[in-house]
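Listed below, chain by chain, are the residues.
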Amino acid sequence: MDKIRHVPSLQAFQALVEVADSGSFTQAAQKLCLTQSAVSRQIQQLESHFGVPLFVRSSRSIRLTPEGEQVLGSARSILEQLKTLEERLSPLQRPFRIRMHVSLAVRWLLPKLSDFYRRHPEISLSIETVATEVVEPSSDSDAYILYLPEPSSDSACLTLFEEALVPVCAPGLASSAQPLASVEDLVRFPLLHRSADKQAWIDWLAANGGKSLEDYRHIPFNLDELALDAAARGLGVAVTDLTLAQESIERGVLVVPFGRPLKTRGIYSLCLQPSAASHPASSLIRQWFARQAEQDEGGMCLPQQG
């Protein structure tokens, strides 16, 4: 009963989690804004309470004991439950968390955020970006935006825009001596790729009577953002989604030298997680994204190099 009345502090559990995650008392102290001796005392408090050592210490490393692993599991569970309770009781105190690909965040969402905060200054969005080709749902996110190869019938998903591939390059890339006016002219310029599989260029060339990939020079990247920046710098010609390139086209940084957009049936979709239902701003946020989707569909233009 005495131990129940004198349970360890939450700070001690937090210290245990940070030391275990970082493998260092020094790094844990920096993360918690404490001194190293203060973190050591927190761990000693736990060891005294449970009557077992939690770490095996050596001159070069520390590792959890089997008993330490058990206490760590309970510590993580307690802290996670408290976090969930806090978010449920005061959800407006936390941002609405959206997970998406970094290129989509930079090229599509970032230019629109000023409109969001002008309309909803009381709501905060937390944008988590990933560089992987597939955006996996995360347990600590309320929504995620991902690419789907074809439209979805899932009511929890909102189509933001359809993929439409176009070639883009810097306005001055093709001089009068080297015109870039048709697919036949591409052999004189490097093709810039947004992914290792080069699939965007494969699809676009196949639909526009181009040659096989072996007949071109290539500069590969793993992000739309990098390929488009390289195109704007005159390194070659990229193929990307028209919506992602739209702002750069409007600013005159990129041009579409020729061709019409190639609809692939792919879509970019905002999908809500079950946790979104507990956030009071969820419906407003979804309405704002729906409005952006309508504006993109109605205002898309395709200026070409003259």
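Residues numbered from 1 in each chain as written. Predicted model: local features only at pLDDT ≥ 70, side-chain atom pairs only at ≥ 80, totals over all residues. Heavy atoms only, no water.

**Focus on the packing of helix α2 (residues 10-22) against helix α3 (residues 25-32)**
Next up, step 1: Contact pair α2 / α3: the axes reach a minimum separation of 8 Å and the direction vectors enclose 130°. Here α2 is positioned oblique relative to α3, judged by the angle of their axes. Every pair of crossing elements has a handedness; the one defined by α2 and α3 is right-handed. Contact residues: α2 offers Gln14, Ala15, Glu18, Val19 and Ser22, while α3 offers Phe25, Gln27, Ala28, Lys31 and Leu32. (Axes fitted to C-alpha atoms, helices over the stretch in contact; angles between N-to-C directions. Helix = DSSP H or I, 4+ residues; strand = E, 2+ residues; numbered from the N terminus. Parallel < 35°, antiparallel > 145°, perpendicular 65-115°, else oblique. Left-handed = near helix turned anticlockwise from the far one by under 90°. Contact = heavy atoms within 4.5 Å.)

**Overview of the pairing of strand β10 (residues 262-272)**
Next up, step 1: Note that strand β5 (residues 143-148) and β10 share 6 bridges and pair antiparallel. Directly across from Tyr147, in β10, lies its bridge partner Tyr268.
Next up, step 2: Bridging between strand β6 (residues 157-168) and β10 involves 7 bridges; their strand directions are antiparallel. Pairing of Cys157 across the sheet is with Cys271, part of β10. (Pairing = 2+ DSSP bridges.)

**A look at the domain arrangement of the protein chain**
Next up, step 1: Domain assignment breaks the protein chain into domain 1 (3-89), domain 2 (96-146 + 269-300) and domain 3 (163-265).
Next up, step 2: A C-alpha centroid distance of 27 Å is found between domain 2 and domain 3.
Next up, step 3: Contact with domain 2, which involves 12 residues of that partner, is made by 14 residues of domain 3.
Next up, step 4: For the pair domain 2 and domain 3, the two sides together bury roughly 1,100 Å², of which 58% comes from carbon and sulfur.
Next up, step 5: Here domain 2 and domain 3 share 1 salt bridge between them.
Next up, step 6: With a shortest N-O distance of 2.8 Å, Arg107 and Glu225 are connected by a salt bridge.
Next up, step 7: It is helix α6 (residues 102-109) that provides the largest number of residues to the side of domain 2 that touches domain 3, a total of 6 residues. (Domains from an automatic or database assignment. Buried area = accessible area lost by both parts, 1.4 Å probe. Salt bridge = Lys/Arg side-chain N within 4 Å of Asp/Glu carboxyl O.)

**A look at the sheet that holds strand β4 (residues 125-130)**
Next up, step 1: Judged by pairing direction, the sheet is mixed, and its 8 strands sit side by side in the order β4-β3-β5-β10-β6-β9-β7-β8 without closing on themselves. Every other strand in the sheet has two partners, leaving β4 and β8 (218-220) as the edge strands with one partner each. Across the sheet, the axes of successive neighbouring strands diverge by a mean angle of 25°, strand direction being ignored.
Next up, step 2: Packing of helix α10 (residues 242-250) onto the sheet brings it into contact with β6, β9 (237-241) and β10, and relative to β9 it is tilted by some 120°.

**With respect to the packing of aromatic side chains**
Next up, step 1: On inspection of all chains with the given rule, the structure shows 10 aromatic pairs.
Next up, step 2: Ring geometry for Phe161 and Tyr268: centres 4.7 Å apart, planes at 25°, overall stacked. Separated by 107 residues along the polypeptide, Phe161 in strand β6 and Tyr268 in strand β10 bring together distant segments of the chain.
Next up, step 3: When its relative accessible area of 6% is taken as the criterion, Phe161 is described as buried.
Next up, step 4: Feature note: the residues Trp108, Phe116, Tyr117, Tyr147, Phe161, Tyr268, Trp288 and Phe289 constitute an aromatic cluster, connected by ring pairs. (Phe/Tyr/Trp six-rings, centres within 6.5 Å; stacked < 30°, edge-to-face > 60°. Buried < 20%, exposed > 50% of the residue type's maximum accessible area, 1.4 Å probe, protein only.)

**Remarks on the environment of Leu270**
Next up, step 1: Looking at where Leu270 falls in the secondary structure, it is placed in strand β10.
Next up, step 2: In this structure the C-alpha to C-alpha distance between Leu270 and Phe161, which are 109 residues apart in sequence, comes to 9.9 Å.
Next up, step 3: Aside from chain neighbours lying at most four places away, what touches Leu270 is Ile98, Ala143, Tyr144, Ile145, Ala156, Cys157, Leu158, Leu160 and Phe289.

**Focus: the environment of Glu184**
Next up, step 1: Of note, Glu184 is situated in the loop between β6 and β7 (191-193).
Next up, step 2: Residues Glu184 and Gly210, 26 residues apart in the sequence, show an inter-C-alpha distance of 7.1 Å.
Next up, step 3: In this structure the side chain of Glu184 is engaged in a polar contact, spanning 2.8 Å, whose partner is the side chain of Ser182. (Polar contact = N/O pair within 3.5 Å; in protein donor to acceptor, adjacent residues only side chain to side chain.)

**Observations concerning the side chain of Ser282**
Next up, step 1: Within the element layout of this structure, Ser282 appears in helix α11 (residues 282-299).
Next up, step 2: Since its relative accessible area comes to 11%, Ser282 is described here as buried.
Next up, step 3: There is a polar contact of 3.5 Å between the side chain of Ser282 and the backbone oxygen of Ala276.
Next up, step 4: With residues up to four places along the chain from it excluded, the contact list for Ser282 reads Phe96, Leu272 and Ala276.

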